[in-house]
Amino acid sequence: MTSQAKWNTVSMQLAIMSCVLVLNNLHVPHVAAFSALQTSSEENSFQTGNLPELPNMQDMMQAYADATFAQPTQENYLSWMTMAYFCQAAYGPVHQLRFWTCNVCTHQLSNFRPFDIVRDNTRGTQAVVGYDQGMRKIIVAFSGYPAEDFVMDLTSPAFRSCTPKEPSIYLGRGVGPNCLGASRVQAEYLNAYLALRDRILAVLTAWRQMSNVFATAEIVVTGHSLGGAIATLCALDLQIEYNQVAYPQQLRSPRISMINFGSPRVGNQEFANFYSQRIRRSARIQHEADRFARYPQCLPAENWSHVPTLVPITTTPIGHLFYQHA
């Protein structure tokens, strides 16, 4: 099969799947698509002009990454679209998610069975944790803020601020202060993850202890918007957690992958480096006009940076992602 024929096949499959994320009522609608021919390694191309350009740092982070995970292949496209469906499902009512009866649950994700739904009633964020029998992977999918709260939270000081916080959850467990260094993350994103963290770890560990199928399965962490930031923190946390010698050998070192959509910058450049050395399979899917992905908007001295690897979305109508983040 020629390269052009392969891309035509991808386009047809994505058009048929027609994944729609109707997510936050603040954003200008964009019918967006993954661009088969326009992947960019320039992480700063979609960032605001007042941030420092660090091409050497970005090149260094890319060197750690799995070279194939964020490339425009048919396998990756289908994986991204499936994760987009999980992100859509994560916004659903808890009672539908527990029995997996939501529309996208029964039509696009029928091979998935939830272990648990973990919810933060204060913020309204939640996580779907379970196993997809078709992909043979454990999925952890995070929602962002509820649509009705997004306008308020986007303008709130806690959300917009550049308040840095040491991600001390990673310390210990084989990670020392020297390794963490000057890594800092946005305080609200970390607090949002911490509100869900203990239950997620308990659920995953319990199910992984039940069966070798779950113990050896790849864990894919995904999320949209604030959920994308939470997914970034969670993937790194799981990678560190399951490398501890305290766990039985069969529970150690599962493959951890992270795919998020429209995520803000989670931390500073030091955190992005720390993350990229540990999460090799990482794809950060972002529409070029998505202003939320430019948060937090800080002075250059703050040095906030995205984690790898950018997968830019264009407005080509292939495999629809209905963004409202721009």
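Residues numbered from 1 in each chain as written. Predicted model: local features only at pLDDT ≥ 70, side-chain atom pairs only at ≥ 80, totals over all residues. Heavy atoms only, no water.

A.B. asks: Please clarify how the nonpolar core should be interpreted in this entry.
C.D. replies: Across soluble globular proteins, nonpolar side chains show a tendency to be buried alongside one another. Counting 52 residues, the largest nonpolar core has F142, I200, V221, L233, L238 and F271 as the members making the most contacts within it. At 10 residues, helix α11 (residues 226–241) tops the list of elements feeding residues into this core. Each residue touching F271, except ones within four places of it in the same chain, is listed here: P167, Y170, S183, R184, V185, T232, L233, L236, V266 and V307. If you look at the next biggest cluster of nonpolar residues, it comprises 29 residues, including F69, W80, C105 and L109. (Core = buried A, V, L, I, M, F, W, Y, C linked by side-chain atoms within 4.5 Å. Buried < 20%, exposed > 50% of the residue type's maximum accessible area, 1.4 Å probe, protein only. Helix = DSSP H or I, 4+ residues; strand = E, 2+ residues; numbered from the N terminus. Contact = heavy atoms within 4.5 Å.)

A.B. asks: Mind showing me how you'd approach the packing of aromatic side chains here?
C.D. replies: Aromatic ring pairs are reported here in terms of the distance separating the ring centres and the angle at which the planes meet. Scanning the entire structure with this criterion turns up 13 aromatic pairs. A connected cluster of aromatic rings, assembled from ring pairs, spans F115, Y131, W207 and F214. Over the ring of Y242 we find R208, and its NZ or CZ is 4.3 Å from the ring centre. (Phe/Tyr/Trp six-rings, centres within 6.5 Å; stacked < 30°, edge-to-face > 60°. Lys NZ or Arg CZ within 6 Å of the ring centre and 35° of its normal.)

A.B. asks: Can you walk me through the pairing of strand β7 (residues 218–224) in this structure?
C.D. replies: Residues in a regular strand project their side chains so that they alternate between the two faces of the sheet. For β7, the tally of buried residues reaches 7 of 7 residues, placing the bulk of the element in the interior. With burial as the criterion, each face of β7 is covered, one bearing E218, V220, T222 and H224 and the other bearing I219, V221 and G223. In this structure, strand β4 (residues 137–142) lies alongside β7, joined through 6 bridges in parallel fashion. Across the sheet, the residue bridging to V140 is V221, located in β7. Alignment of β7 against strand β8 (residues 256–261), held across 6 bridges, turns out to be parallel. Following the sheet pairing, V220 is matched in β8 by S257. Crossover connection from β7 via α11 to parallel β8: handedness right-handed. (Pairing = 2+ DSSP bridges. Right-handed = clockwise from strand over helix to strand, strands pointing away.)

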